[in-house]
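# Reading the structure
Okay, here's what each chain looks like letter by letter:
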Amino acid sequence: MSQEPVQAGAGIAEQRLPRHVAIIMDGNGRWAKRRMLPRYMGHREGVKAVRRAVEYCRKRNIEVLTLFAFSSENWRRPESEVGLLMELFVRTLRKEVARLHKNGVCMRFIGDRSAFDPKLQSLMDSAEAQTAGNTGMTLAIAVNYGGRWDIADAARRLAMQVARGELEPQDIDSERLGQELSITDLPEPDLFIRTGGEQRISNFLLWQLAYTELYFTDLLWPDFNADAFDEALRSFAGRQRRFGQTGDQVEAGRA
Ligand code: IPE
Ligand code: IPE
Ligand code: MG
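Since the structure is predicted, the reported quantities are computational estimates derived from the model, not experimental observations.

It is worth spelling out the packing of helix H3 (residues 79-102) against helix H4 (residues 118-131) at this point. Contact pair H3 / H4: the axes reach a minimum separation of 10 Å and the direction vectors enclose 15 degrees. The angle between H3 and H4 places the two elements in the roughly parallel class. For the crossing formed where H3 meets H4, the hand is left-handed. Taking contact as the criterion, the partners of Met 86, Phe 89, Val 90, Leu 93, Arg 94, Val 97 and His 101 in H3 are, on H4, Lys 119, Leu 120, Leu 123, Met 124, Ala 127, Gln 130 and Thr 131. Here the residues of the contact of H3 with H4 are counted per class, giving 9 nonpolar, 3 polar and 2 charged.

Here it is as structure tokens:
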């Protein structure tokens, strides 16, 4: 007799849940604009959706959540919006880290943080240090992050190892380069979600998304809630991940 799989909420068997979800949280500005509010109000509302998403993943035992909070291209926005976003980061970190720590969340920041105000950098450093031992789930926040930066940075580090005589050029392969990238110690993203209706990657995790299932929703980020997350997980659970093999091979492997 076949064993019923364990149901892990949303009617999805535990083994069909993603271990790592990566999200482009897009649509804050449009959420505000539709309400005749300044864009900044959309970002503020977006923080509430971040809190909901983290709680959701914690409850569903999703191991890693990676959130795109600020891209290396977002510096191109008006200075006033960038300034308000930086203030919001600072305020949010001051307010949320203690609660995240209490809930067993390990925090990580990926991206080139050297561009940030020292005050913000030290908040990020101390959030990481405070939560480093937590094993409940990992929350990786991408700030001043760009997928191309990530790959170029990895290449530069390998080149430095070659220059120091620690590495032979012929030993560089995709596995070795992959080891130098951000979040390389974590499971690869299984599911990518982008809210806000655009169907593009916008320089998020370019390398790491090679075999990630992509999911796009028209919902604006501040409106993204548990029901919407359930729907994304249901879509993921219904997909067959083949990693280059045939469907029959995958079926045979599972039997
Ligand atoms: C995403 O929302 C948040 C950041 C990029 C910081 P947007 O601000 O891009 O919202 P839209 O796309 O203009 O609606
Ligand atoms: C991607 O959203 C970056 C973040 C959500 C942080 P954008 O709104 O910057 O993306 P584009 O410009 O529409 O591609
Ligand atoms: Mg946008």
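Moving on to the pattern of salt bridges. Under the criterion given, the structure shown has 23 salt bridges. A salt bridge links Glu 198 to Arg 200; the shortest N-O distance between them is 3.7 Å. Using a relative accessible area of 46% as the deciding quantity, one classes Arg 200 as partly exposed. The network of salt bridges with shared partners includes Asp 26, Arg 30, Arg 194, Glu 198 and Arg 200.

This part takes up the site of ligand 2. Close to ligand 2 lie Ile 24, Met 25, Asp 26, Phe 68, Ala 69, Phe 70, Ser 71, Asn 74, Arg 77, Arg 194, Arg 200 and Ser 202. Arg 77 places a side-chain nitrogen or oxygen 3.2 Å from an oxygen atom of ligand 2. Residue Arg 194 places a side-chain N or O atom 3.3 Å away from an oxygen atom belonging to ligand 2. Coverage of ligand 2 by the protein amounts to 78% of the 390 Å² it exposes when considered alone. Tallying contributions element by element places strand S2 (residues 64-71) first for the shell around ligand 2, with 4 residues.

Consecutive side chains along a regular strand alternate between the two faces of the sheet. Burial analysis of S2 places 7 of its 8 residues in the buried class, which makes it a mostly covered element. Looking at chain direction, strand S1 (residues 20-24) and S2 are connected through 5 bridges and run parallel. Following the sheet pairing, Ile 24 is matched in S2 by Phe 68. In this sheet, strand S4 (residues 137-145) lies alongside S2 in parallel orientation, the contact comprising 7 bridges. Bridge assignment links Phe 70 to a residue of S4, and that residue is Val 143.

Now for the pairing of strand S6 (residues 213-216). Alternating positions in S6 separate cleanly, Glu 213 and Tyr 215 being buried on one face and Leu 214 and Phe 216 remaining unburied on the opposite face. The pairing of strand S5 (residues 191-194) with S6 spans 4 bridges and is parallel. Across the sheet, the residue bridging to Phe 192 is Leu 214, located in S6.

It is worth spelling out helix H2 (residues 39-59) at this point. The terminal C-alpha atoms of H2, which comprises 21 residues, lie 31 Å apart, in line with the 30 Å expected from a rise of 1.5 Å per residue. Residues of H2 that are buried in the fold lie against helix H1 (28-34), S2, H3, strand S3 (105-110), S4 and helix H7 (226-237). Asn 61 occupies a position one or two residues after H2 and carries a positive phi of about 60 degrees.

Before going further, it helps to examine the site of ligand 1. Every residue close to ligand 1 is listed here: Met 25, Asp 26, Gly 27, Asn 28, Gly 29, Arg 30, Arg 39, His 43, Ala 69, Asn 74, Arg 77 and Leu 85. For ligand 1, an oxygen atom lies 2.9 Å from a polar atom in the backbone of Gly 29. Arg 77 is positioned such that a nitrogen or oxygen atom in its side chain is 2.8 Å from an oxygen atom of ligand 1. For ligand 1, whose accessible area on its own is 380 Å², the fraction buried by protein is 87%. Breaking the shell around ligand 1 down by element, the ones donating at least two residues are H1 and H2. If you tally residues by element for the shell around ligand 1, the top one is H1, at 3 residues. Residues belonging to the shell around ligand 1 are distributed by class as follows: 3 nonpolar, 5 polar and 4 charged.

What counts as what
Residues numbered from 1 in each chain as written. Chains lettered and ligands numbered in written order. Predicted model: local features only at pLDDT ≥ 70, side-chain atom pairs only at ≥ 80, totals over all residues. Heavy atoms only, no water. Axes fitted to C-alpha atoms, helices over the stretch in contact; angles between N-to-C directions. Helix = DSSP H or I, 4+ residues; strand = E, 2+ residues; numbered from the N terminus. Parallel < 35°, antiparallel > 145°, perpendicular 65-115°, else oblique. Left-handed = near helix turned anticlockwise from the far one by under 90°. Contact = heavy atoms within 4.5 Å. Nonpolar A, V, L, I, M, F, W, Y, C, P; charged D, E, K, R; others polar. Salt bridge = Lys/Arg side-chain N within 4 Å of Asp/Glu carboxyl O. Buried < 20%, exposed > 50% of the residue type's maximum accessible area, 1.4 Å probe, protein only. Near = heavy atom within 4 Å. Polar contact = N/O pair within 3.5 Å; in protein donor to acceptor, adjacent residues only side chain to side chain. Areas by Shrake-Rupley, 256 points an atom, 1.4 Å probe, with all protein chains shown as cover. Pairing = 2+ DSSP bridges. Expected span 1.5 Å × (residues − 1).

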